[in-house]
Each structure stands twice: as C-alpha cells, then as structure tokens.
Amino acid sequence: MSFQFFRRRKSPALRPIEIGRELLRALDDAVDDDTEGRLVGPDKFTIMLSEFDREALANDERALIDELSAAATAYIRDEGLNVLAAIDVIFSTDASLDSGQLKITASITRPQSSESPQSPEPSLDASSVIDPIAKAPPQLAVELPPPEVTPAPEPLIIHDEPEPSSASAAIAAIVEKGGTRHPVGDTKLRMGRSTDNNVKIADERASRFHAEVRYENGQHHILDLNSTNGTLVNGNQIEMALALSHGDIITIGTTEFRYESS
C-alpha cells in the first residue's frame, strides 16, 4: 500500500526538523496490518520538494537521508512495528510545488508470491516507485539487526561507506555532572530514558531513545533521534548532526553532560 502526505506552508523554505516531523506523521498514518493481524510500518519514503528547497538542501541531502532513516527506524522500534524491508528514504523534485511545500509518500514493500496471488495492491504512480522487488520469496517481516555490544535493539543505519577502524577514532568521553564517564570511540553511543541505551538518563523530559553520538569524518557528532523535547548543545537546540568540540555541554531534558576529547 502507499500513503501520500501533502502539506502547504506559507514560509519561504523548509527546515530539516520540519521534514523529519512530517515524515514520522506520514509513517504513522501509513501503518497497516498483515494477514496475521500484526502491525506493519512503511519502509519506503519519497520526499518531494520544490526546486528551490531541493537546491537549498542539496549540500546536506546525504546527511539528512541518514538522519531521517535513523529517526524512522527508532520510531518503528518504539512503536513495536514490523517492517518488510530495510528503511529507504529518497528525495525528489516536484516542479508543481512552491517553496515551503512538500509531499511525502510512505509505502510498504509487499513480498510477491508466485502461488495463489492475493488481490492486487493499488497501483503506484511511476514517480513513487523505487526499484520494486520482483520475485522475492514470501516472508513475514525483516528482523532488524541485533546490537553490537548488548542484546538491546539498535537503530538500523544504512552506510554508503564502511565504518572506520577502531584505531582511527579519537577516544573521548561523555561525562555526567557527578563525574561518571562514558567513553566513546568509533562505535555509536546512544542516550535516553530506556534501559536499552548505552547512557541511561533518569529524566522524565528525556525520550526513550533521545540522542546518539557517532564518529564520522574524523570527528564525533551528536544526533537527536527525533526526541520530544529536543537536544541542546551549549544552550542551542540541534536540528541535524552536530560536530562536537572539547568542553561542549549537551543538555537532554534537564540533565547536562560534558563532551571531553583527548
């Protein structure tokens, strides 16, 4: 099935955080159930922007795709949804849209069976179909990969490039006010209220999976995982992945941490 979300705005351009919120709204509205009665979330997202907004976001498009994929994966985990394929987010240009407008198409990849085919799904517009999977063996759901260190689930992140080796990442730490240090190298360090996080935060204003520190391009970055109250660095709310510098103060809810690099 496919769900299309259309939004009209009067502002002259779109901010990445607004795109993220509308993507999660489209995801939520496109949830369906399978023949077993289990809830299935969409895995394919096409975000259509005006020519002006697409050009304005061109330099950050790759990073934005990674962040939106991570946010969608975290939301699917939190809601206990199943997915039938890996999360795929793409941008396209729609000349009929004005600056500040966007359309989001959220769809579920259905496995095709050569035996006893079910009633056909509604046909999709050609612009919203991305490499449809043909002759795929029937399956119930794609299992998201287990975490690398603990048995807790970890967001599925799609990388175009291999992860850096452990020797390439500078050793740093996220330090609590009481002095407790959480070392961070080239592996992701996730922070939030859930006990499944690397850094567990006992703060009612923190989301279950709130933020994540990752190592990219020779530097540690912090990314907000579409939390309810946002993530602040030195008092400023971040909207995209932000490179961290020694001494930066990270605020999650009412809890503060200090980033210290070697």
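Residues numbered from 1 in each chain as written. Predicted model: local features only at pLDDT ≥ 70, side-chain atom pairs only at ≥ 80, totals over all residues. Heavy atoms only, no water.

A.B. asks: I keep staring at the nonpolar core and nothing clicks. Help me out?
C.D. replies: Note that soluble globular proteins tend to have their nonpolar side chains buried in a common cluster. Within the largest apolar cluster, 25 residues are counted, with the highest numbers of intra-cluster contacts made by Ile-19, Leu-23, Phe-45, Ile-47, Leu-68, Val-89 and Phe-91. Among residues more than four places away in sequence, those in contact with Phe-91 are Ile-19, Ile-47, Leu-49, Arg-54, Glu-61, Leu-64, Ile-65 and Leu-68. (Core = buried A, V, L, I, M, F, W, Y, C linked by side-chain atoms within 4.5 Å. Buried < 20%, exposed > 50% of the residue type's maximum accessible area, 1.4 Å probe, protein only. Contact = heavy atoms within 4.5 Å.)

A.B. asks: How do you make sense of helix 3 (residues 61-78) when you look at a structure like this?
C.D. replies: In an α-helix there are 3.6 residues to a turn, and that puts residues three or four apart on one side. Helix length check: helix 3 (18 residues) gives 26 Å between terminal C-alpha atoms against 26 Å at 1.5 Å per residue, within 8%. Counting buried residues in helix 3 gives 14 out of 18 residues, a clear majority hidden from the surface. Gly-80 occupies a position one or two residues after helix 3 and carries a positive phi of about 70 degrees. (Helix = DSSP H or I, 4+ residues; strand = E, 2+ residues; numbered from the N terminus. Expected span 1.5 Å × (residues − 1).)

A.B. asks: Explain the side chain of Ser-50 to me, please; I cannot follow it from the model alone.
C.D. replies: Mapping Ser-50 onto the fold places it in the loop between strand 4 (44-49) and helix 2 (51-56). Looking at Ser-50, the relative accessible area reads 2%, which means it is buried. There is a polar contact of 3.2 Å between the side chain of Ser-50 and the backbone nitrogen of Asp-53. (Polar contact = N/O pair within 3.5 Å; in protein donor to acceptor, adjacent residues only side chain to side chain.)

A.B. asks: Please clarify how the pattern of salt bridges should be interpreted in this entry.
C.D. replies: A side chain of one charge can pair with a side chain of the opposite charge when the charged atoms of the two come close. Taken as a whole, this structure holds 14 salt bridges when the rule is applied. In this structure, the salt-bridge partner of Glu-216 is Arg-214, at a minimum N-O distance of 3.3 Å. Note on Glu-216: relative accessible area 25%, which makes it partly exposed. For Arg-214, a relative accessible area of 4% corresponds to the buried category. Here Arg-258 makes a salt bridge to Glu-260, at a shortest N to O gap of 3.2 Å. A relative accessible area of 33% places Arg-258 in the partly exposed class. Three or more residues joined by partner-sharing salt bridges are found here, namely Arg-181, Arg-258 and Glu-260. (Salt bridge = Lys/Arg side-chain N within 4 Å of Asp/Glu carboxyl O.)

A.B. asks: Honestly, the sheet that holds strand 16 (residues 249-252) in this entry has me stumped. Any pointers?
C.D. replies: Strand pairing in a sheet is mediated by backbone hydrogen bonds. Such pairs are either parallel or antiparallel. One open sheet holds the six strands; their spatial order is 8-7-17-16-13-14, and the pairing between them is antiparallel. Edge positions in the open sheet fall to strand 8 (181-184) and strand 14 (236-237), since each of these has one partner strand only. Direction of pairing for strand 13 (residues 231-233) relative to strand 14: antiparallel, over a ladder of two bridges. Opposite Val-233, over in strand 14, you have Asn-236 as the bridge partner. (Pairing = 2+ DSSP bridges.)

A.B. asks: In this structure, what is going on with the packing of helix 1 (residues 16-29) against helix 3? I would like to understand it.
C.D. replies: Helix-helix packing: each pair is described by the crossing angle between the helix axes and the interaxial distance. Between helix 1 and helix 3, whose axes approach to 10 Å, the crossing angle comes to 40 degrees. In terms of orientation, helix 1 and helix 3 fall into the oblique class. The chirality of how helix 1 crosses helix 3 is right-handed. Facing helix 1, whose interface residues are Pro-16, Ile-19, Gly-20, Leu-23, Leu-24, Leu-27 and Asp-28, helix 3 presents Leu-64, Leu-68, Ala-71, Ala-72, Tyr-75 and Ile-76. (Axes fitted to C-alpha atoms, helices over the stretch in contact; angles between N-to-C directions. Parallel < 35°, antiparallel > 145°, perpendicular 65-115°, else oblique. Left-handed = near helix turned anticlockwise from the far one by under 90°.)

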